[in-house]
Amino acid sequence: MNILYVCFGGAFTPGMQYKENCMARVQRADGNQVTIVTGTEMWNDGMVMHTVPGETILDNGVRIVRFSLHVPFFSKANEKLRYVKGLLPWIVEQKPDIIVFHILQQYAVSQLKWLKTRLPDCKIYGDCSTSFGNSARNYFSYHILHRMIYRYWMKKSLPYWNKIFYVAEESRVFLEKAYDIPQSSLEFQPLGGILLSDEDYAAIRTKRRTELGLGEDDRLYVHSGKLDALKRTDELLRAFSAVDDPRAVLAVIGSIPKERETVLFPLIAADKRIRYFGWKTGEELQEYLCAADLYCQPGSPSATMQNALCRYCPIMLYPHLSYTTDYDRGAVLWVKTQADMEAVFRSLAAAPAQLTPLRENAEKFAREVLDYRKLAARLYR
């Protein structure tokens, strides 16, 4: 099959563990021709940078085609409308069997009838991670962009979708409230991960833990991301340092915004058990998750949570709606406050064996629900 991902509106970066990267990788391994068409933004060392339009082939065989969104005298507005000159005829020339619009808020969505007329046998899917937590936060965004422009595009295109996937309960609520999309057009398809063989998992876990100087009875906690205030990293560090546990190590991985440096660096320096590793590639982060005994995400949502479950790692989570709705499967330690986080660390220090059933439940959930091989195959049906 010829599968095309249309991913304008995000900084697509090869090697990252985002959904479109992983789905494309799995589908290419299944023998399909897979292309990701996207803009010129990408992540580099935790910062967004621009590359040039053009075409490349990744080592895994996935083709990346980059278009510029720059439109003279229209560039600022086009950051939201995402009109790409020449994109629609180019898509038709590719003759895809499947198109996945990874971000719905782009002009091409309004032209699904035009596409379907020229590609009558092509299946067209949407994939939505938008929610009221990451979008529509002011009057202009909600009432003008989402309720007026994007809603019009979605209603116009509704008859031509095979299905619109949502990655979380918050996204389902957003699609229904902002765009009036009926439940019959929607289907849950979570963020997930690519599972390792038992041999690869064991080898990576042993390698990373040996590098970190961890013994069999030591516990590695991992926290990662762009460590802004919403991540609640400072509360996590204070909670960890409040518990005298010589067998615990907290690895902090990610980029620290300049305005957070004076808050976080002193907390890191004050506890020798806390190790800051800076920004890591998606592949490197996966190895740390293999080595981890608990992934700590007490703040804003992140796809790394699902990646951690797919490395059979229990998780500490804030009870966001989507997490309590879709992920309460016996692998989560729920926290709301700094005191809750401290209570978790104190409990694990006293009874580390409780991590064993949590890990077993994480593995079960990953194999049954989050495996990208199963999620990717959904598009072939």
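Our structure is the block above this text.
So, how was this worked out
Residues numbered from 1 in each chain as written. Predicted model: local features only at pLDDT ≥ 70, side-chain atom pairs only at ≥ 80, totals over all residues. Heavy atoms only, no water. 1 Å grid on protein atoms, 1.4 Å probe; cavity = no way out; pocket = protein on both sides within 12 Å on 5 of 7 lines; lining within 4 Å. Points joined across faces, edges and corners; volume = space filled by probe spheres on them. Helix = DSSP H or I, 4+ residues; strand = E, 2+ residues; numbered from the N terminus. Nonpolar A, V, L, I, M, F, W, Y, C, P; charged D, E, K, R; others polar. Pairing = 2+ DSSP bridges. Axes fitted to C-alpha atoms, helices over the stretch in contact; angles between N-to-C directions. Contact = heavy atoms within 4.5 Å. Salt bridge = Lys/Arg side-chain N within 4 Å of Asp/Glu carboxyl O. Buried < 20%, exposed > 50% of the residue type's maximum accessible area, 1.4 Å probe, protein only.

A. A look at the layout of surface pockets. Roughly 520 Å³ of volume is contained in the second largest pocket. If you trace the second largest pocket, you find 24 residues lining it, with Gly15, Gln17, Arg25, Gly282 and Glu283 closest to the centre. The dominant element in the lining of the second largest pocket, judged by the number of residues it contributes, is helix H10 (residues 282-291), at five residues. Its residues placed into classes, the lining of the second largest pocket shows twelve nonpolar, seven polar and five charged.

B. Representation of the sheet that holds strand S7 (residues 98-101). Spatial ordering of the open sheet is given by S5-S6-S2-S1-S7-S8-S9-S10, a layout of eight strands whose pairing is mixed. Sheet topology places strand S5 (54-57) and strand S10 (186-188) at the edges, where each strand pairs with a single neighbour. Going across the sheet, the axis of each strand differs from the next one's by a mean of 20°, ignoring polarity. One ladder, built from four bridges, connects strand S2 (residues 33-38) with strand S6 (residues 63-66); its direction is parallel. Bridging across to S6, Val37 finds its partner in Val65. This element, helix H1 (residues 19-29), spans strand S1 (2-7), S2 and strand S8 (123-128) of the sheet and lies at about 170° to S1.

C. Representation of the pattern of salt bridges. Applying the stated criterion across every chain, the model contains 24 salt bridges. Glu342 serves as the salt-bridge partner of Arg346, at 2.6 Å between the closest nitrogen and oxygen. Residue Arg346 and its partner Glu342 are located together in helix H13 (residues 338-350), separated by four residues, close to a single helical turn. What makes Arg346 partly exposed here is its relative accessible area of 41%. Judged by its relative accessible area of 24%, Glu342 falls in the partly exposed class.

D. Spotlight on empty space enclosed by the protein. This model, assessed by the stated rule, comprises one cavity of 30 Å³ or more. Here the largest cavity defines a volume of roughly 60 Å³. Looking at the largest cavity, the residues that line it are Tyr5, Lys19, Glu20, Met23, Val100, His102, Asp127, Phe165, Gln189 and Leu379. Looking at the lining of the largest cavity element by element, the count peaks at three residues for H1. Looking at side-chain class alone, the lining of the largest cavity contains five nonpolar, two polar and three charged residues.

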